[in-house]
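Fold and contact review
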Amino acid sequence: MRYFRKHTQHTINRLLTIAAASIILFLSASTAKAQGDAQLTQYWALPTAFNPAATGNSDYLRIRGAARMQWVGIENAPQSFFVLADSPLKFGKKQYIGLGVGMMQESLGLFSNLALDIQASYKLRLFKGILSIGIEGGYYDQKFKGSKVVIPDNDDFHESTDEAIPTQDLAGNTFDFSLGLEYTHRLFWVGAGAKHILQPTIKLSIEGSEASEEQEYETTLPRMVYFSGGSNIQIKNSLFELQPSFLVKTDFKTATADITMRARYNRFISFGLGYRYNDGISAQVGVEFKGFFLGYAYEYPLSAIGKVSSGSHEIVAGYQLKLDFSGKNRNKHKSIRLM
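Residues numbered from 1 in each chain as written. Predicted model: local features only at pLDDT ≥ 70, side-chain atom pairs only at ≥ 80, totals over all residues. Heavy atoms only, no water.

**A closer look at the overall build of the protein**
Within the protein one finds 1 helix and 18 strands. The buried share of the protein, reckoned over its 339 residues, is 52%. Within the protein, contacts between residues separated by at least 24 positions form 60% of all contacts whose residues are at least 6 apart in sequence. Put simply, the protein shows about 16,500 Å² of open surface, and 62% of that area lies on carbon and sulfur atoms. (Helix = DSSP H or I, 4+ residues; strand = E, 2+ residues; numbered from the N terminus. Buried < 20%, exposed > 50% of the residue type's maximum accessible area, 1.4 Å probe, protein only. Contact = heavy atoms within 4.5 Å. Areas by Shrake-Rupley, 256 points an atom, 1.4 Å probe, with all protein chains shown as cover.)

**Describing the side chain of Gln42**
Its place among the elements puts Gln42 in the loop between α1 (29–34) and β2 (60–72). According to the relative accessible area criterion, Gln42 is buried, its value standing at 0%. Every residue in contact with Gln42, bar those within four places of it in the chain, is listed here: Gln284, Gly295, Tyr296, Ala297, Glu314, Ile315 and Val316.

**Details of the packing of aromatic side chains**
Throughout the structure, instances matching the rule amount to 7 aromatic pairs. Ring geometry for Tyr139 and Phe175: centres 6.2 Å apart, planes at 70 degrees, overall edge-to-face. Of the two residues, Tyr139 sits in strand β6 (residues 129–144) while Phe175 sits in strand β7 (residues 170–184), which places them 36 residues apart along the sequence. The ring of Phe293 carries the charged tip of Arg64 above its face, separated from the ring centre by 4.2 Å. Across from the ring centre of Trp44, 3.5 Å away, lies the NZ or CZ of Arg262, which sits over that ring. (Phe/Tyr/Trp six-rings, centres within 6.5 Å; stacked < 30°, edge-to-face > 60°. Lys NZ or Arg CZ within 6 Å of the ring centre and 35° of its normal.)

**What about the pattern of salt bridges?**
Applying the stated criterion across every chain yields a total of 11 salt bridges. Asp169 serves as the salt-bridge partner of Lys145, at 3.7 Å between the closest nitrogen and oxygen. Taken together, the residues Lys145 in the loop between β6 and β7 and Asp169 in the loop between β6 and β7 connect sequence positions 24 residues apart. Judged by its relative accessible area of 39%, Lys145 falls in the partly exposed class. Put simply, Arg68, Asp258, Arg276, Asp279, Glu299 and Glu314 are held in one network by salt bridges that share partners. (Salt bridge = Lys/Arg side-chain N within 4 Å of Asp/Glu carboxyl O.)

**Things to note about the pairing of strand β17 (residues 292–301)**
Burial of the side chains of β17 is restricted to one face: Phe293, Gly295, Ala297, Glu299 and Pro301 are buried, whereas none of Phe292, Leu294, Tyr296, Tyr298 and Tyr300 on the reverse face is. Note: strand β16 (residues 280–289) against β17, 10 bridges, orientation antiparallel. Residue pairing for β17: Ser282 is matched across the bridge by Glu299. In this antiparallel pair of consecutive strands, β16 and β17, the connection spans 2 residues, and Lys290 shows a positive phi of 50 degrees. (Pairing = 2+ DSSP bridges.)

**Considerations on the confidence of the model for the protein**
For the protein, per-residue confidence averages 82 on the pLDDT scale, and 77% of positions sit at 70 or higher. Predicted confidence is poor over residues 1–35, with pLDDT under 50, and the contacts of this stretch with residues over four places away or in other chains come to 107 contacts. Of the regions scoring below 50 in pLDDT, residues 329–333 engages in 16 contacts with residues more than four places distant in sequence or in other chains. (pLDDT = per-residue confidence, 0-100.)

**Quick look at the nonpolar core**
With 30 residues, the main nonpolar core has Leu46, Phe50 and Phe82 as its most contacted residues. Of all the elements in the fold, those that place two or more residues in this core are β3 (79–91), β5 (111–126), β6, β9 (201–206) and β11 (224–230). By residue number, the principal contributor to this core is β9, which donates 3 residues. Once residues within four sequence positions are removed from consideration, Phe50 is found in contact with Ala38, Leu40, Tyr43, Gly193, Lys195, Tyr226 and Leu247. (Core = buried A, V, L, I, M, F, W, Y, C linked by side-chain atoms within 4.5 Å.)

**A closer look at the pairing of β9**
Where β7 meets β9, 2 bridges bridge the pair, whose relative direction is antiparallel. Residue pairing across strands places Ala171 opposite Ser205, the latter belonging to β9. Bridge analysis of β9 against strand β10 (residues 217–220) gives 4 bridges, and the strand direction is antiparallel. Within β10, the residue paired with Thr201 across the bridge is Thr220.

**Focus: unusual backbone geometry**
Unusually for a residue other than glycine, Phe252 sits at a positive phi of about 65 degrees. Checked against the element boundaries, Phe252 lands in the loop between β13 (240–250) and β14 (255–265). Positioned with a positive phi, Asn266 is a non-glycine residue whose angle comes to about 55 degrees. Classification of Asn266 as partly exposed rests on a relative accessible area of 43%.

**As for the side chain of Thr174**
When you line up the elements, Thr174 lands in strand β7. With sequence-adjacent residues up to four places away left out, Thr174 is seen in contact with Gly138, Tyr139, Tyr140, Pro200, Thr201 and Ile202.

**Overview of the environment of Gln320**
Summarising the element assignment, Gln320 is placed in strand β18 (residues 311–322). Under the relative-accessibility criterion, Gln320 is labelled buried at 15%. Separated by 258 residues in sequence, Gln320 and Arg62 have C-alpha atoms that sit 4.4 Å apart.

Here it is as structure tokens:
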């Protein structure tokens, strides 16, 4: 959840309680607070979305996109779209760096957000594995449809003349900064990414005009930390692999956790189940063929939102190309993320 305040100490957050299109987003307070960034059920498929240190942690140039429709059946429920690309780049004789770019667009009720990011990571060999240190710089744009705010009749708490309630469209932007660490071993991987580390403030003013200070509002991107990990476990004498993974999200005030167990057969088809603490359960399926990947996830809400929504749908699609840095590819940088 993003936190709002007006310069006169009023809070723009009040308008969310009176915007008919946005009220439904806050039926479950715990879910809204945990969703400082756009949510993904197939988080394991887009690791650089939550940690810049994950860039270049494979032998592949990876390009992936994801689309999520959350809480289908609810008007103006969250929708998000990702496009991510990353690749390793040889640096010197034995070291590698990772480079990546990303775009995220989401809509939440009367809000729409756009993030554009550039990522880089440096790799160090450590204890038979690779330690990756990542950095991310980005641009964040936010808009609010104040022209669509609706004040219910006979509202005892708000007045149409309240200066804290904008009735015109607002827009603003800021620069963003993130850091990350990830350790990749032959048997497992673990990481931590800190998004919006400086908690940047976005000044929202009337779109298309130079507003005065009295017409400006502010929104703050809350700092979020993502702890992630997983493994590939080969089942002896079979073509099956088990791929457990987890993602813990926190702003150190609230937290939520995703746990996923997937099974992959012959590096072709995968299926699994996921659970988000006190929020939802999911079923996932994916197919890989000659570098192409297509995944689908359906998530059913366990909170009160399930009374008015049929669930959430998510699709991930992408392509990866094997990179060979030399004729014999002697210095391979392998990752256990076999995607």
